[in-house]
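Here's the letter readout for the chains.
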Amino acid sequence: MADRDPVPLPAEVRAKLAELELELSEGDITQKGYEKKRSKLIGAYFPQTQGMDPAMGQERRTPVTPSSSSRYNRRRSSGSRDERYRSDVHTEAVQAALAKHKERKMAVPMPSKRRSLVVQTSMDAYTPPDTSSGSDGEGQGEGDEEVGGDGEEEDGGGTPSSREGSIVMEHWISRAIQGTSSTTTTSSTASSSSSSTRSGGSGAAGGRLADVLAQHVHISAQHHLRHHHHHRHKTENHSAPPDVTSYTNNTSNTSATDGIQVERAPGPGSAALRQTPKYGNAELMETGDGVPVSSRVSAKIQQLVNTLKRPKRPPLREFFVDDFEELLEVQQPDPNLPKAEGAQMVTMCGEQLGVVTNWPPSLEAALQRWGTISPKAPCLTIMDTNGKPLYVLTYGKLWSRSVKVAYNLLHKLGTKQEPLVRPGDRVALVFPNNDPGAFMTAFYGCLLAEVVPVPIEVPLTRKDAGSQQIGFLLGSCGVTVALTSDACHKGLPKSPTGEIPQFKGWPKVLWFVTESKHLSKPPRDWFPQIKDANQDTAYIEYKTCKDGGVLGVTVTRVAMLTHCQALTQSCSYTEAETIVNVLDFKKDVGLWHAILTSVMNMMHVISIPYALMKVNPLSWIQKVCQYKARVACVKSRDMHWALVAHRDQRDVNLSSLRMLVVADGSNPWSISSCDAFLNVFQTKGLKPEVICPCASSTEALTVAIRRPLEEGSTPPNRGVLSMQGLSHGVIRVDSEEKLSVLTLQDVGSVMPGGMMCVVKLEGVPQLCKTDEIGEVCVCTVATGSSYYGLAGMTKNTFEVFPVSNNGTPVSECPFTRTGLLGFIGPAGLIFVAGKMDGLMVVGGRRHNADDIVATALAVEPMKFVYRGRIAVFSITVLHDERIVVVAEQRPDSTEEDSFQWMSRVLQAIDSIHQVGVYCLALVPSNTLPKTPLGGIHLSETKQLFLEGALHPCNVLMCPHTCVTNLPKPRQKQPEIGPASVMVGNLVSGKRIAQASGRDLGQIEDNDQARKFLFLSEVLQWRAQSTPEHVLYTLLNSRGTIASSLTCVQLHKRAEKIAAVLAERGHLQDGDHVALVYPPGMDLIAAFYGCLYAGCVPITVRPPHPQNISTTLPTVKMIVEVSRSVCVMTSQVISKLLRSKEASAAVDVRTWPPVIDTDDLPKKKPPLLYKPSDPDTLAYLDFSVSTTGMLAGVKMSHTATSAFCRSIKLQCELYPSREVAICLDPYCGLGFVLWCLCSVYSGHQSILIPPSELEANPALWLSAVSQYKVRDTFCSYSVMELCTKGLGLQTDSLKARGLDLSRVRTCVVVAEERPRIALTQSFSKLFKDLGLHPRAVSTSFGCRVNLAICLQPHRLGKLVDQGTSGPDPTTVFVDMRALRHDRVRLVERGSPHSLPLMESGKILPGVRIIIANPETKGPMGESHLGEIWVHSSHNASGYFTVYGDEMLQSDHFSSRLSFGDTQTVWARTGYLGFLRRTELTDASGERHDALYVVGALEEAMELRGMRYHPIDIETSVIRTHKSITECAVFTWTNLLVVVVELDGSEQEALDLVPLVTNVVLEEHYLIVGVVVVVDIGVIPINSRGEKQRMHLRDGFLADQLDPIYVAYNM
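Residues numbered from 1 in each chain as written. Predicted model: local features only at pLDDT ≥ 70, side-chain atom pairs only at ≥ 80, totals over all residues. Heavy atoms only, no water.

J.: Can you walk me through the pattern of salt bridges in this structure?
T.: Pairing between side chains of opposite charge can happen when their charged atoms approach one another. Following the criterion strictly, the structure yields 44 salt bridges and no others. Between glutamate 457 and lysine 586 there is a salt bridge, with its nearest N and O atoms 3.4 Å apart. Of this pair, glutamate 457 sits in the loop between strand 8 (452–456) and helix 17 (467–477) while lysine 586 sits in the loop between strand 13 (578–581) and helix 20 (588–600), and the two are 129 residues apart along the sequence. This pair shows no difference in class: glutamate 457 is buried, exactly as lysine 586 is. Between aspartate 1460 and arginine 1407 there is a salt bridge, with the nearest N and O atoms lying 3.7 Å from each other. Of this pair, aspartate 1460 sits in the loop between strand 54 (1425–1431) and strand 55 (1466–1480) while arginine 1407 sits in strand 53 (residues 1406–1411), and the two are 53 residues apart along the sequence. Residue aspartate 1460 is classed as partly exposed on the basis of its relative accessible area of 32%. On the basis of relative accessible area, arginine 1407 is assigned to the partly exposed category, the value being 31%. A cluster of three or more residues bridged by salt bridges with shared partners is formed by Glu1498, Glu1513, Glu1525, Lys1586 and Arg1588. (Salt bridge = Lys/Arg side-chain N within 4 Å of Asp/Glu carboxyl O. Helix = DSSP H or I, 4+ residues; strand = E, 2+ residues; numbered from the N terminus. Buried < 20%, exposed > 50% of the residue type's maximum accessible area, 1.4 Å probe, protein only.)

J.: How do you make sense of the sheet that holds strand 23 (residues 774–779) when you look at a structure like this?
T.: To summarise the sheet geometry, strands pair through backbone hydrogen bonds and adopt either a parallel or an antiparallel arrangement. If you walk across this open sheet you meet the 5 strands as 4-22-23-25-26, and the pairing is antiparallel. Among the strands making up the open sheet, the edge pair consists of strand 4 (348–349) and strand 26 (830–835). (Pairing = 2+ DSSP bridges.)

J.: Before we go on, may I ask you to explain the pairing of strand 13 in this structure?
T.: The two faces of the sheet receive side chains in turn, since in a regular strand these alternate between them. Of the two faces of strand 13, both are covered, the one formed by Thr578 and Val580 as well as the one formed by Ile579 and Asn581. Across 4 bridges, strand 13 lies against strand 14 (residues 604–607) in parallel orientation. Residue pairing in the sheet places threonine 578 in a bridge with histidine 604 of strand 14. The pairing of strand 13 with strand 15 (residues 631–634) spans 3 bridges and is classified as parallel. Residue pairing in the sheet places asparagine 581 in a bridge with cysteine 633 of strand 15.

J.: Whenever I open this one, the sheet that holds strand 38 (residues 1041–1046) confuses me. Can you help?
T.: Taken together, 8 strands build an open sheet; the order of strands is 38-37-46-45-47-48-49-50 and the sheet is mixed. At either end of the open sheet lies a strand with only one pairing partner, and these are strand 38 and strand 50 (1349–1350). Across the sheet, helix 38 (residues 1228–1241) touches strand 37 (1030–1035), strand 45 (1218–1222), strand 46 (1244–1247), strand 47 (1271–1274), strand 49 (1336–1340) and strand 50, and the angle it forms with strand 37 is around 140°. (Contact = heavy atoms within 4.5 Å. Axes fitted to C-alpha atoms, helices over the stretch in contact; angles between N-to-C directions.)

J.: I keep staring at the side chain of lysine 1116 and nothing clicks. Help me out?
T.: With respect to the helices and strands, lysine 1116 occurs in helix 34 (residues 1108–1121). Classification of lysine 1116 by relative accessible area gives buried; the value is 7%. Apart from the residues lying within four places of it in its own chain, the contact partners of lysine 1116 are Val1146, Asp1147, Thr1150 and Trp1151.

J.: Which parts of the structure should I look at to understand the pairing of strand 60 (residues 1534–1541)?
T.: Most of strand 60 is tucked away: 8 of the 8 residues are buried. Relative to strand 60, strand 59 (residues 1523–1531) is paired through 8 bridges, and the arrangement is antiparallel. Counterpart to valine 1528 in the pairing with strand 60 is valine 1537. From the end of strand 59 to the start of strand 60, which pair antiparallel, there are 2 residues, and threonine 1532 there has a positive phi angle of about 45°. Looking at chain direction, strand 60 and strand 61 (residues 1567–1573) are connected through 6 bridges and run parallel. Opposite leucine 1535, over in strand 61, you have valine 1567 as the bridge partner.

See the structure below:
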């Protein structure tokens, strides 16, 4: 290979290659497209060699001629960074900073993405048809195979990159876990096209050699980490930059010649790596609970935990303490911080504004003069998009046309009596950027008519970014007429009738076309009145604020004229000079030089439209040559584009230029464009002293401009400032730490006739010290005078009186704030270091958005960011600003590229600015909102980010590293101990929190069932005394009766079942029988059959036929744990239990005998069993708790009868009553109401299986209405189904006659904190159908006692019956106090307030006390503690808990540690508090309300505080409309938030920042992992409760198939 002769390439091929390079660097062609075309071009010149791309050899060896190579290098270096921020010194600094970091690489866990999301990053899925990105062969669909590949290989010489993305992520993780440094190292190249600015000034040639940008180091199969050092050679060895992407081990021979050394970091050998397990040591990992876990997810979490354990910088002092103690700790200033030490500055005065005799008294006078004296003199030459002059506007034409516009404005709009426009009115000027002529005519027409023009951008669509705010400005200015050109008018969006629609936010305007042919000729005798410049408003320039609002700055006629005079003097403008303008002529520097000052001096303006610059970036330079222009007005981007496009133009000669005005010269990052431009064009006659940066602002007009110096004078000095110092607001020339510096160029001195000072940013406008950065203020006639219509803001900006240290004003004249941050340097030169708008104050230090943009853009690979489009802004989260960086990524970027780039950016910003980035988001190219000239619309971007509408394709949040002001973790407060004084029922001054329902023994009622000890006897008695009384009615999904049971029918069926059990089952007394039935009559009959046979029934929910694999194992588990000796079921289910699908899920051979009861024999049992002891077991109640524990409790005959009696009394149930029940009949109160209560009380139960509601959501409410039911019971899931399913149908239901006015109690049966939002929305929704708002209430039960509270309301006439309870009361508690186990009541609507609804009235025979779960001491009233209950219907104990034999026995038999130590209590495991309300119940007693806060086992201990998942979930669900459900859990002290997304998968990443923000803001917690999943992934049990532990297990076992998983750093 080395002995082959190099083949020289023909010139035209080289030119085409250069063309391709340009396309690639500008992002107009993908890497793949580039490689294809490139190999086509040069394929002919090289014989193919095995295993090596033909380009390789040539690239490495061809001795290219100097000119072509420098051209090549210049092109390569351009990258696609935003030219405003290019700085080679800075790039070197960033690379060096990153090199420093290599030793301690951050292992950023890559997020998990669903395939569909990864594929979608291909170009066609995202790019709107936009002119700026079109190119042939964009990578349609290429993204599919490219995922995870390198994407930046120049020549495909590396490994094939068609691996699956997931595999790449896995090997990446395994490397990260093994502790090897995780990502490839960045190359510390210098990248520039000019190196004259470098510290050593090592000559342009050496700089060009160092221009190798193509160093996207490929992670080759060997995982070698390489680190390239570039030595700059001053030799003219112009070899093309070597391609390092495919270095193999034997290329060392070439490295020396190319001046590149390759070092290898001692990476693990490839052989060693192959044997490592796929997920690193994931198999050996253990969770926090010591459970070994083998999964990708937990490996990543472990990696995240390890990363977070690493030492961080010492945290800032905690200056934010929860205002709970109402104490904000004052941040003590660090004595070591840099402080300003200089003397107080003095105000600077500019030179005197010279009065030249022939200066016109006003601009209109100037126009009249030139229009009549020299009508043929050219005023404006407009170029078309081909760079040909479109037309020349002479002063004569400008004058006559402006007069015509003025006449028509005043006389042809409205009627003679009522003209539409009067002098002094505001009109909008809407002209496109390619038509300065029409704009100029309209502008001067307005001045002549004494009408105030408001120039604005052309609205392109009805919903343009920012156009709405402009509309508000027009509205506030009272604009009713909009002037526009013919072409523009035709291009505006039209309605079908041809009218221009009203734009969003705009007032109604009349569109007025200013072309001469549409206007009437003014009469001979009409002339505009030409006055001297006065204090009237001349025009209003709009200004977009940081928050996106638009203000109008008014400029008076005298200010406009004085400003033109000051510019004329500073720039030494003379008559008939030619000036080339590239800037926007509607505002700012473009308007001032090319529209106003040019007319004052009869200059000739050559206007270059933006569209031409896009096609030909060199056009402005060509026009300077062609017209021998003396002055050009450009931005640094135009200089940069010219550099990129410049190719040895033979005929370029810039010697005619005496002044090159750089409009954004005050941007600190413009200096490198100026230097680079000078470096290249100095050979073309450009003189160094010509470059004149200027500083301007909408409020203060031109603040300063560098004067064109005499030839050969020394160029001005630079300021090299320490960024660390700047962040503290002081100026420090940088010391040894060369990395973080900001190099500034001066913007000249104060304007003629002006005064300038620098004042402190906050508080009183006090003068700064000489070494302090502040806001520049100017005092001159030539500034804006107000914000239109905003007196208060005007005062703060345009009427500032700076004061010195002793408080005396500096001057009697008011100053104007410019919005620029800077200082006045030696020799009165002004330096600007940033803008107020870009200022971000993080942790008390100031950072400038532009500086952070520059740092991000200097990170390799620079081409990663599409066209350098980066937005940086701050958002306020938790009392401080947080930095957000949003960048557009190249269309062909892979996940791996993105994450490498992101982690490097984080490191670079961290080391250079010493500030953390809170969120880094990447969006597809061309998707950020644009300003009219194609920049990024910052406020709109921020708005989208905060609304969750940015749709990023990658997000990295770093709250752990950024947020240093969390409140301190709390120590637990000492609770009341035995030492406390107990006097009667007071615990240290508070009433003991205890309450009870009515006493069962004292209630006299004619309860016939009381005389029986057993339910089976009650049934026999009812079958004899009222045989035909209907007890049960079952409805089907159509609402018709499926079946019903009378007392005698139930008795007979139960007898038959008992006979079957005795015969077929040969069961003994007390044997356990599992009843696996769908909700219905069979279940009830089988239950009583078991009682008749002396067996113990266990009701089990049958497996779901569509979902056997997950539901059947639970059935099997309950059957096994309950030790059932046989299973009774229906025929259908018994077949299902033995089906093929079932055998896949469980071992079907181990079922106990299965008896189906569909066809029963006609026999009776010989005699019915009567238990000897009422304390023996009646039945077992099994249920799966929300934490995934299966627990069965034992219910004795005594407890069962007491339970039924308690409910009968509380709900006043009699045989004449009908009750509708829409609950699952398998456990808890649902089972008791469904199967037991009717038999005991004799009322008729209308049974509605909740599963039938899926087919017919209106079933339950229709039944309630149809049967005129007064009492009904449902679950939260039923209520939610009705609220969601019937929300829009209330009218049609009303029309069908649905009437809920008879309902007096609708009780939600639950074992959790009442869901107040759901019950309220249910009540509101069905109020129209007659539902009384007080009818809805909740109940509370738990495992140890299936019903503690149950609140039926007594409405209407029933109040006098003596048992009516008060309304359920709602209180608002402070959520922050709750975390510390304290209850603090607050007002509704106060911050951090949480509404809690009482859980219902305590049942008769139930006593409650609140105890401290740790010390078991009684708590005072309104203290949060565990709810303990004492009642005759408590369960008598657990019936073994699956997997945990050691469950505390004290759940059922606890005693208080002091006070009443005799009573035996059962512990509910729920936290709550009691509060005595002002209400009284029927007996005149004060009513005690019980508030349930949440389950102890669900609560999460984080930072020493107790959080209830539901509170965090509620906050999260509120944060974005697409989040339908949320569940949180903790894992190794990390908070994991799972959200269900109802929307397109592209929205998934929007949710990550929103979720992180809201949890920080409202709960002071940092989210560790955000998981976005599809709807229905969060498991919910039959009671409508979230199964968070199942979810956690599924997540850790990687079974959720999430759309996106973000690991917050």
